[in-house]
Amino acid sequence: MAAAILVGTLASGADADDGGPTVGNDQGCHGSMVSVTVCAQAGGQAPGHSGSHEAKGASSTSGSGKSAAPKCTYTKLDPQPPASNLAMQDGKRQGGKGAVYQVLCMETGRVGTVWIPAGQPAAPQIDPEVLAHRAVDSMKLLGPEIANPRAAGKYVVGMPTWMWVDESPTTFGPNTATATAGGVTVTATAKVSSIRWNMGDGTEPETCDGPGTKYQASMGKAKSPDCGHVYEQASSTSKGGKFHGTATATWTIAWQVTGAPANAGQFTEVRATPFSVAVHEVQVVN
């Protein structure tokens, strides 16, 4: 997987041509045993990541870039489900020697059933949700690739700032990968569900449900319809004369065991991109 990130140097403002208004201008993957297969690819870029992983209902991890495996319990069902149950059908495909167990993962809220062949421990050596996290690790998901605010823009107090990001498999999704081990294959699909913009000026963060809308000159001094901010003070007194903020993407990951729709789940992870932006006051001369 190859991907890159613009580690957002958001500098002064948005030009009328593509960043925002300016003052004085009215213008089928296949896996093998113990393997990971990545399906999405963004060519010509370098892999990496920013920020931390965060599983729903669990503490986040950082540093190593590896997701924490959830702790699950397995309880043999008594009586066993009817033959129409998907886990029972999976067992039939495996020869019919074994039993269906209920899976409960308290950290992630996952509840489901799984067929475990006879002779294997009640808690299988390979849990599908662990494989799902392994698949996500292989995607090399990144923080938002910030398109605006941009380094060549012009930002001033009181003027609308439009925020948006470029979309790629590793910075926005969708991104799909599979992981296989112990005869179990899991496919995971990741996509950014929201981006939280901390603009660095002490105001409440802005949360945008999508990538944001790209500014066009014809929009004049209008505010962004879905992802914008207005700076109410200059950044001259801040460190380096700039506001320092963060764009944090929440990735929603849906996973499913191949050939067993009932054995599926979902969790979230986060990735962040820091940025800095210079905001100036307009000098009015009478």
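Rules and cut-offs
- Residues numbered from 1 in each chain as written.
- Predicted model: local features only at pLDDT ≥ 70, side-chain atom pairs only at ≥ 80, totals over all residues.
- Heavy atoms only, no water.
- Phe/Tyr/Trp six-rings, centres within 6.5 Å; stacked < 30°, edge-to-face > 60°.
- Helix = DSSP H or I, 4+ residues; strand = E, 2+ residues; numbered from the N terminus.
- Buried < 20%, exposed > 50% of the residue type's maximum accessible area, 1.4 Å probe, protein only.
- Expected span 1.5 Å × (residues − 1).
- Salt bridge = Lys/Arg side-chain N within 4 Å of Asp/Glu carboxyl O.
- Core = buried A, V, L, I, M, F, W, Y, C linked by side-chain atoms within 4.5 Å.
- Pairing = 2+ DSSP bridges.
- Axes fitted to C-alpha atoms, helices over the stretch in contact; angles between N-to-C directions.

### Let's talk about the packing of aromatic side chains
Item 1. Tallied over the entire structure, the rule returns three aromatic pairs.
Item 2. When the centroid spacing of 6.2 Å and the interplanar angle of 55° are considered together, the rings of Trp197 and Phe275 count as tilted. Within this pair, whereas Trp197 is found in strand 9 (residues 184-198), its partner Phe275 is found in strand 13 (residues 260-277), the two being separated by 78 residues in sequence. When sorted by exposure, Trp197 lands in the same class as Phe275, which is buried.
Item 3. Judged by centre distance (5.3 Å) and plane angle (5°), the rings of Tyr231 and Phe243 are stacked.

### With respect to helix 2 (residues 128-139)
Item 1. Helix length check: helix 2 (12 residues) gives 17 Å between terminal C-alpha atoms against 16 Å at 1.5 Å per residue, within 8%.
Item 2. For helix 2, a buried count of 10 out of 12 residues is recorded, marking the element as mostly surrounded by other parts of the structure.
Item 3. Within helix 2, burial applies to Pro128, Glu129, Leu131, Ala132, His133, Ala135, Val136, Asp137, Ser138 and Met139.
Item 4. Two residues or fewer past helix 2, Lys140 is found with a positive phi of approximately 55°.

### What about the pattern of salt bridges?
Item 1. Scanning the entire structure with this criterion turns up two salt bridges.
Item 2. A salt bridge links Asp90 to Arg93; the nearest nitrogen and oxygen atoms lie 3.3 Å apart. With Asp90 and Arg93 both in helix 1 (residues 86-93), this residue pair falls three residues apart, about one helical turn.
Item 3. Since its relative accessible area comes to 55%, Arg93 is described here as exposed.
Item 4. As a salt-bridge pair, Arg271 and Glu269 come within 3.0 Å of each other at their nearest N and O atoms.
Item 5. Residue Arg271 is classed as buried on the basis of its relative accessible area of 2%.
Item 6. Residue classification places Glu269 among the buried residues on the basis of a relative accessible area of 1%.

### Overview of the nonpolar core
Item 1. Ile195 and Trp197 are the most contacted members of the largest nonpolar core, which totals 35 residues.
Item 2. Put simply, the parts of the chain that give this core at least two residues each are helix 2, strand 8 (175-181), strand 9, strand 12 (243-257) and strand 13.
Item 3. Counting eight residues, the second largest nonpolar core, distinct from the first, contains Cys72, Tyr74, Cys105 and Val114.

### What to know about the sheet that holds strand 4 (residues 110-117)
Item 1. Read across the sheet, three strands follow the order 2-3-4 without closing on themselves; strand pairing throughout is antiparallel. Taken across any chain shown, the strands that pair with only one partner, and hence form the sheet edges, are strand 2 (72-76) and strand 4. Here the strands of the sheet are splayed against their neighbours by 30° on average, with no regard to which way each runs.
Item 2. Pairing between strand 3 (residues 98-105) and strand 4: eight bridges, direction antiparallel. Directly across from Val103, in strand 4, lies its bridge partner Gly112.

Read these as spatial facts, not as claims about activity.
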